[in-house]
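Residue strings, one per chain:
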Amino acid sequence: MPSDRLSNSVTGQNFQSYLESLHRKYQALRDGNVANYIPELAKANPDWFGIAIATVDGQVFSVGDADHLFTIQSISKVFVQGLALEDHGRDYFLTRVGVEPTGDAFNAIVLDEQSKRPYNPMVNAGAIATTSLIKGNGPTERLNRLLEMFRGYIGHDIFVDASTFMSERTTGDRNRAMAYLMRNFGMIDTNLEEALDLYFQQCSVMVSCRDLAVMAATLANRGVNPVTGDRAVAAGYIRDMLSVMYTCGMYNFAGEWSYRVGLPAKSGVSGGIIVVVPNQIGIAVFSPLLDHRANSVRGVKVCEELSERFELHLF
Ligand code: DON
């Protein structure tokens, strides 16, 4: 039973059948384009489509390409924010990265005029500043801490896709420009290329839709992975992570998303979306066809329908 309210309508086999019909309905939708600004992402198959839902009591429902591995991309930003908060605490974190939505594209080169901070940890500038805060003695230790953090949410070993990492790194001049701008204003004070490499590596972590659902359910479960029972992040930072997801997670679609779906979410350019229903479930959809704001077309549709059908909107 995914949640109290969901359980009023569907249980077990019924819920699985419902997910299958939802998948069938949107598999036919062919709108959008796969991301092509990073060569490795352009290889995605537009037909890939998976949906997974994990409950806070540890059940996982899935359909379609839910076990297919792909790079996590911007969805990583939520979890790295959690680690940066654990490393530095809320007050210091806020001196480096704001929590204001931008209404701009994810890769806009813009900082807050007054404070010189990047606007929030979900846009690229803020994510790079966030990643630069990860503690560790040298790049290897920092990468290992990051992978260990992801393992906590996912519940098994993970790896970085070397081709995507290289692809991101060789085409990442726009991100590099943001990093230089932030260093100019004193918002990044670690080795710039190392911080960028770690950011490109976090984007290149391989996950499945099922993994993402468990990660989202871990956030729904106040930081404890509901499948392994292990704590992935301190409960006190869940509110920081979910608030920023709610207001900034879908970039320049965040307002409309909040209005229509009404749940904290995060998307990535490889076609993943995670959604958190606090204290109930984690939802993940994977489909690489993106709209002009870089959100998965099928993903948005599926989440709108789930929210509507099970009255998941927070308000
Ligand atoms: O920084 C980049 O360009 C990518 N590696 C991450 C972008 C991403 O997923 C943004 N989201 N929609």
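Cut-offs applied
- Residues numbered from 1 in each chain as written.
- Predicted model: local features only at pLDDT ≥ 70, side-chain atom pairs only at ≥ 80, totals over all residues.
- Near = placed C-beta within 6 Å.
- Nonpolar A, V, L, I, M, F, W, Y, C, P; charged D, E, K, R; others polar.
- Domains from an automatic or database assignment.
- Core = buried A, V, L, I, M, F, W, Y, C linked by C-beta atoms within 7 Å.
- Buried ≥ 20, exposed ≤ 12 C-beta atoms within 10 Å, placed from the backbone.
- Helix = DSSP H or I, 4+ residues; strand = E, 2+ residues; numbered from the N terminus.
- Contact = placed C-beta atoms within 7 Å.
- UniProt positions renumbered as here; feature names shortened; annotations may be inferred.
- Pairing = 2+ DSSP bridges.
- Axes fitted to C-alpha atoms, helices over the stretch in contact; angles between N-to-C directions.
- pLDDT = per-residue confidence, 0-100.

**Q** Account for the site of the ligand, naming residues and giving values.
**A** The ligand sits among Gln73, Ser74, Phe106, Asn107, Asn124, Glu168, Asn175, Cys203, Ser267, Gly268, Val269 and Ala294. When the residues that make up the shell around the ligand are grouped by side-chain class, the tally is four nonpolar, seven polar and one charged. If you count residues domain by domain, the shell around the ligand takes at least three from each of domain 1 (4-73 + 207-309) and domain 2 (76-203).

**Q** Residue-level account of the nonpolar core, with values.
**A** Judged by nonpolar contacts, the single largest core of 96 residues is most densely connected at Ala213, Ala216, Ile274, Ile283 and Ala284. It is helix 10 (residues 209-220) that contributes the most residues to this core, nine residues altogether. Here this core spans two domains, and each of domain 1 (4-73 + 207-309) and domain 2 (76-203) adds at least three residues to it. Not counting residues within four places of it along the chain, the set of residues in contact with Ala284 comprises Ala52, Cys209, Leu212, Ala213, Ala216, Gly272, Ile273 and Ile274.

**Q** Describe the UniProt feature "binding site: substrate" (unreviewed entry) in the protein, with residues and values.
**A** UniProt feature "binding site: substrate" (unreviewed entry): in the numbering of this structure it lies at Ser74, Asn124, Glu168, Asn175, Tyr199, Tyr251 and Val269. Its location among the elements puts Ser74 in the loop between strand 3 (70-71) and helix 3 (76-88). Excluding residues within four positions of it along the chain, Ser74 makes contact with Phe106, Lys266, Ser267, Gly268 and Val269. With respect to the helices and strands, Tyr199 occurs in helix 9 (residues 192-203).

**Q** Go over the sheet that holds strand 5 (residues 265-267) with me, naming the residues and quoting the values.
**A** Read from one edge to the other, the open sheet built from five strands follows the order 2-1-7-6-5, with strand pairing classed as antiparallel. Both outer strands of the open sheet, strand 2 (60-64) and strand 5, are each paired with one neighbouring strand and no more. Sheet twist, expressed as the mean angle between neighbouring strand axes with direction ignored, is 10 degrees. Of the strand pairs in this sheet, strand 1 (residues 50-55) and strand 2 are connected by five bridges, and their pairing is antiparallel. In the strand pairing of strand 2, Ala52 is matched with Ser62. Across the sheet, helix 10 is in contact with strand 1, strand 2, strand 6 (272-277) and strand 7 (281-286); its angle to strand 7 comes to roughly 150 degrees.

**Q** Could you give an account of the confidence of the model for the protein, naming the residues involved and the relevant values?
**A** Averaged over all residues, the pLDDT of the protein equals 95, while 96% of them reach at least 70. Under the prediction, the complex receives an ipTM of 0.96, its pTM being 0.97.

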